[in-house]
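Observations on chain architecture
The primary structure of each chain is shown beneath.
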Amino acid sequence: MSFEELKEACLAGCTPAQREAITHIDGPLLVLAGPGSGKTRVITRRIAHLIASGVRPGDILAITFTNKAAGEMKERIEAMGVPKGALVSTFHSFCARMLRIYGRCIGLTDAFTIYDTSDSLSAVKRAMAELEIDLEQFPMKPAGVAKLISHAKNRLLTPEKIMGDRPPEEAQTVARIYERYQKLLTQANAADFDDLLLLMVKLLQEVPETREKLPHRFRYVLVDEYQDTNRAQYLIARGMAASGNLCVTGDPDQSIYAWRGADISNILEFEKDFPTAKVVRLEQNYRSTKKILAAADRVIANNKSRKEKALWTENPDGEPLRLLRCEDEMEEANAVADEIAAWMRRGEFAPRDVAIFYRVNAQSRVIERSLRAEAIPYRIVAGTEYYQRKEVKDLLAYLRLVENPADNVSAQRVANVPPRRLGDASVTKLLDWGSAQGVSLLVAMTRAGEAGVRGGAVQGIESFLNVIRTLRAMPRTPVAPVVEKLLELTQFERHLADSGDGAEDRMSNARELVNAAAEYQQAEPEGTLQGFLEQTALISDVDGWDAKQGGVTLMTLHAAKGLEFPAVVILGLEEGLLPLQRSEDDGHELEEERRLLFVGITRAKRRVILTCADSRARYGKREYTQPSRFLEELPPDVVTDVPAGSNRRKETRETPLFRPSPFKARPSAPSAPRVVKRSENEEIVYDAEYDEDAMQAALHAPFRAGDRVSHPMYGAGKVMDVSGYGEEMRASVHFNSVGLKRLVLKFAHLKKL
DNA sequence: GTGGCATAGCTTTTT
DNA sequence: GCTATGCCAC
């Protein structure tokens, strides 16, 4: 395709407003994009159009918030058939990348480690210990201090400025901790999440070697979800766009991260920042029915501080939204599971068409139970993320040490994992000695005698150092063998084997890391251990979610941003939950809660169910609730109210062994996968329909632990464990391709090999 | 130094 | 209700 034809293709099927945004080349551009208005399409086509207009791909930088968004954008640009080479990245990985190259100017080598929130907390604790702060006397807990530090970094405030109206001695102490914390990080050759941004700002503003050069590195800069940028991100976006060709897209009504330092005025005042900016509004919605859009629009209209927007759609009216009033969260969960089962029975929606959103992760537990009872397959996005598990973090700590021996947080974490008679007392002694000598914990270990450590601990130190030395002697590419060697040297699985409940899971999590490394290598053949570690550090909850996989999706409202589903259920429309209890009032935080609901409703294409319960257990105690004030804001003519009691389940609470499936086979034979066009750029293949053979197979427990099986999507794997019975029977299968999966046999179409 | 038991604190939301 | 931490006994 010639560039002229390509330009044409970029505009095909676009509205005048979309065209305007796509064809804009030089100068600042603000795209205010309502939900479902084709924003992603505009961004990707604009990039393709730039390239077709002669811009070198390497001169383009596009920044998103999640890896998933970045990945999709990359894919879609490639699909347009333009030359590759544009850098599409998240804020954090972009900054990490720059810091690997230029970090030396501010004290980081290219092997620096990225500390996540829990690593930061460890460092704060260590800082407080070094300053000999009495935890009994000092009123703040380490976690509180860590939060303040993060807060300060996000907003570019000095330690003194963050304390607000706290007593001056306290503020001073926090400032001292902050200072010490930062020193520890520098010594450890580490940067926390916030540092990635903050240090990048330094490179742009202060460091002589980079402040002239970096701002001109890219000629065209795009930032998506601009409404969620914080001060540091704002400065990075501005700073990288010395050319003035900065294009930002977003929707102030979908700003939901103020609590994390996002500053909505970044988008609201873009025109002030860039007086020559062109502004394009995308207000036509292609996603939702008229009723859904009207409901969302009426809710958000209650926000005082906002720019008016005229959302509209040519889509059909659609059905009314429905509100399910329930007695408590159990009834809520049952009612929702019943509903979804009924939709599937009627062939209205496949499991993967449906999403259930909630305000806090804790709400997922009850709904999961009900979905299992109905044998509805589901997937949770978020919760305890794989890379947050203890056993996985331990293994990663070893790997980080291999890469960066100065990383004291990691060294401290695993010095005695598995137990090797190297307890807190010795480690603290070594740490203290090391910090007095200005050497790392690892170095201190090599001179344990001088540090005054003797006895059984000395042998432990030897064996620990031996592990690190052996691994350091290995090549850093490919990564998987390093992980394997680590498991072997530490006898990690044996260590986990007697870790009580869930030992099995922990062992497979540990083994899974080898697969993760192999997978990484497949995606990045040249990838190093460092690259793998960076990826694991910067992964986010939604990143693991894949629209093509089956199952009802469960996630928080925050995680839902940017996604769309044919049917959406939003749980818990109650005062205190949605809107969530606000410690101090109010205005701004309430408006953010409202935006959260707006985001939730506008994810839906055709159907929305809202629920509320009269009582709900919280902290293990039952509390009586008031319906959410947002319910009153919904237009009555688009919402059907289903009163309390009518959701109560009739009798059959138990799942009988041979209960007929709630799933009727679709009219078409299940053998041929059904392909459905969902939207212009997206095709979904249904393959998880009920079929009689699979059902029969499930009823007779055809698999046992140890069996080799194959799955139509994941390929070959090994059964780790089988549980449940009848329709609920499920198996944990370890696949070569994707690692450990829990599958409902009825849906999984597993074949024995 | 290790392992078991009690208790505090937790629920926003995440890169 | 669950978990992560801290304290105590061996």
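Residues numbered from 1 in each chain as written. Chains lettered and ligands numbered in written order. Predicted model: local features only at pLDDT ≥ 70, side-chain atom pairs only at ≥ 80, totals over all residues. Heavy atoms only, no water.

Taken together, 25 residues form the shell around DNA strand B, and within it H92, R260, R359, N416 and S540 come nearest. Restricting attention to atoms of DNA strand B within 4 Å of the protein, one finds that 49% of them are sugar or phosphate atoms. Within the backbone of N361, a nitrogen or oxygen atom sits 3.3 Å from a phosphate oxygen of DNA strand B. The contact in question runs from a phosphate oxygen of DNA strand B to an N or O atom on the side chain of T556, over 3.3 Å. (Near = heavy atom within 4 Å. Polar contact = N/O pair within 3.5 Å; in protein donor to acceptor, adjacent residues only side chain to side chain.)

The next thing to look at is the confidence of the model for chain A. Scored by pLDDT, chain A comes out at a mean of 84, with 87% of its residues at no less than 70. Across chain A, the element-wise mean pLDDT spans from 29 in strand 21 (residues 682-686) up to 97 in strand 6 (residues 220-223). Between residues 650-699, whose pLDDT stays under 50, and residues either more than four places distant or in other chains, the model counts 95 contacts. (pLDDT = per-residue confidence, 0-100. Helix = DSSP H or I, 4+ residues; strand = E, 2+ residues; numbered from the N terminus. Contact = heavy atoms within 4.5 Å.)

Relative to strand 18 (residues 621-624), strand 17 (residues 615-618) is paired through four bridges, and the arrangement is antiparallel. Paired with R618 across the two strands is K621, which belongs to strand 18. (Pairing = 2+ DSSP bridges.)

The next thing to look at is the sheet that holds strand 15 (residues 565-570). Here we have seven strands laid out as an open sheet, ordered 13-14-12-15-16-11-19, and parallel in their pairing. Looking at the sheet topology across the chains shown, the edges are occupied by strand 13 (378-380) and strand 19 (639-642). Across the sheet, the mean angle from the axis of one strand to that of its neighbour is 20°, orientation sign disregarded. Against the sheet, helix 15 (residues 329-345) engages strand 11 (321-326), strand 12 (354-358), strand 14 (552-556), strand 15 and strand 16 (604-613), with an angle of about 140° to strand 11. (Axes fitted to C-alpha atoms, helices over the stretch in contact; angles between N-to-C directions.)

A few words now on the packing of helix 25 (residues 503-523) against helix 26 (residues 529-537). Helix packing for two helices is described by the angle between their axes and how far apart those axes are. One can describe the packing of helix 25 onto helix 26 by two numbers: an axis separation of 10 Å at closest approach and a directional angle of 110°. Comparing the axis directions of helix 25 and helix 26 gives the class roughly perpendicular. Crossing geometry of helix 25 relative to helix 26 is assigned as right-handed. Touching L513, A516, A517 and Y520 of helix 25 are G531, F532 and Q535, all from helix 26. (Parallel < 35°, antiparallel > 145°, perpendicular 65-115°, else oblique. Left-handed = near helix turned anticlockwise from the far one by under 90°.)

What follows covers the environment of R730. Tracing the backbone shows R730 in strand 24 (residues 730-735). Classification of R730 by relative accessible area gives buried; the value is 12%. C-alpha of R730 to C-alpha of A411: the two residues are 319 residues apart in sequence and 39 Å apart in space. (Buried < 20%, exposed > 50% of the residue type's maximum accessible area, 1.4 Å probe, protein only.)

Turning to the packing of helix 17 (residues 390-403) against helix 26, a few remarks are in order. The interhelical angle for the contact between helix 17 and helix 26, taken along N-to-C directions, is 135°, at an axis separation of 10 Å. Overall, the two elements helix 17 and helix 26 adopt an arrangement that is oblique. As for how helix 17 packs across helix 26, the hand of that crossing is left-handed. Contact residues: helix 17 offers L396, L399, R400, V402 and E403, while helix 26 offers L529, Q530, F532, L533 and T536. Classifying every residue of the contact of helix 17 with helix 26 gives six nonpolar, two polar and two charged. (Nonpolar A, V, L, I, M, F, W, Y, C, P; charged D, E, K, R; others polar.)

This paragraph deals with the packing of aromatic side chains. Counting across every chain of the model gives nine aromatic pairs. Relative to F218, the ring of F94 lies with its centre 6.2 Å away and its plane at 65°, an arrangement referred to as edge-to-face. Residue F94 is found in helix 5 (residues 91-102), and its partner F218 is found in the loop between helix 10 (208-211) and strand 6; the two are separated by 124 residues along the sequence. A relative accessible area of 2% places F218 in the buried class. Geometrically, the ring pair formed by F357 and F565 is edge-to-face, given 6.0 Å between the ring centres and 70° between the ring planes. One end of the pair, F357, is in strand 12; the other, F565, is in strand 15, with 208 residues separating them in the sequence. Per residue, the accessibility class of F357 equals that of F565, and both read buried. One Lys or Arg, R238, reaches over the ring of F274 and ends 5.0 Å from the middle of that ring. (Phe/Tyr/Trp six-rings, centres within 6.5 Å; stacked < 30°, edge-to-face > 60°. Lys NZ or Arg CZ within 6 Å of the ring centre and 35° of its normal.)

Quick look at the environment of A79 now. Along the polypeptide, A79 turns up in helix 4 (residues 67-79). Here A79 falls in the exposed class, since its relative accessible area comes to 68%. The sequence separation of A79 and T44 amounts to 35 residues, and the corresponding C-alpha distance is 9.8 Å.

We now examine the pattern of salt bridges. In this structure the tally under the stated criterion is 46 salt bridges. With its nearest N and O atoms 2.8 Å apart, the salt bridge here joins E534 to R100. With E534 in helix 26 and R100 in helix 5, this residue pair connects regions lying 434 residues apart in the sequence. Where D253 meets K309, a salt bridge forms, and the shortest distance between an N and an O atom there is 3.0 Å. Of this pair, D253 sits in the loop between strand 7 (246-250) and helix 12 (265-268) while K309 sits in the loop between helix 14 (290-300) and strand 10 (312-313); the two residues are 56 residues apart in sequence, bridging distant segments of the chain. Owing to a relative accessible area of 3%, D253 belongs among the buried residues under this scheme. If you follow the salt bridges from partner to partner, you end up with K39, D224, E225, D228 and K561 in one network. (Salt bridge = Lys/Arg side-chain N within 4 Å of Asp/Glu carboxyl O.)

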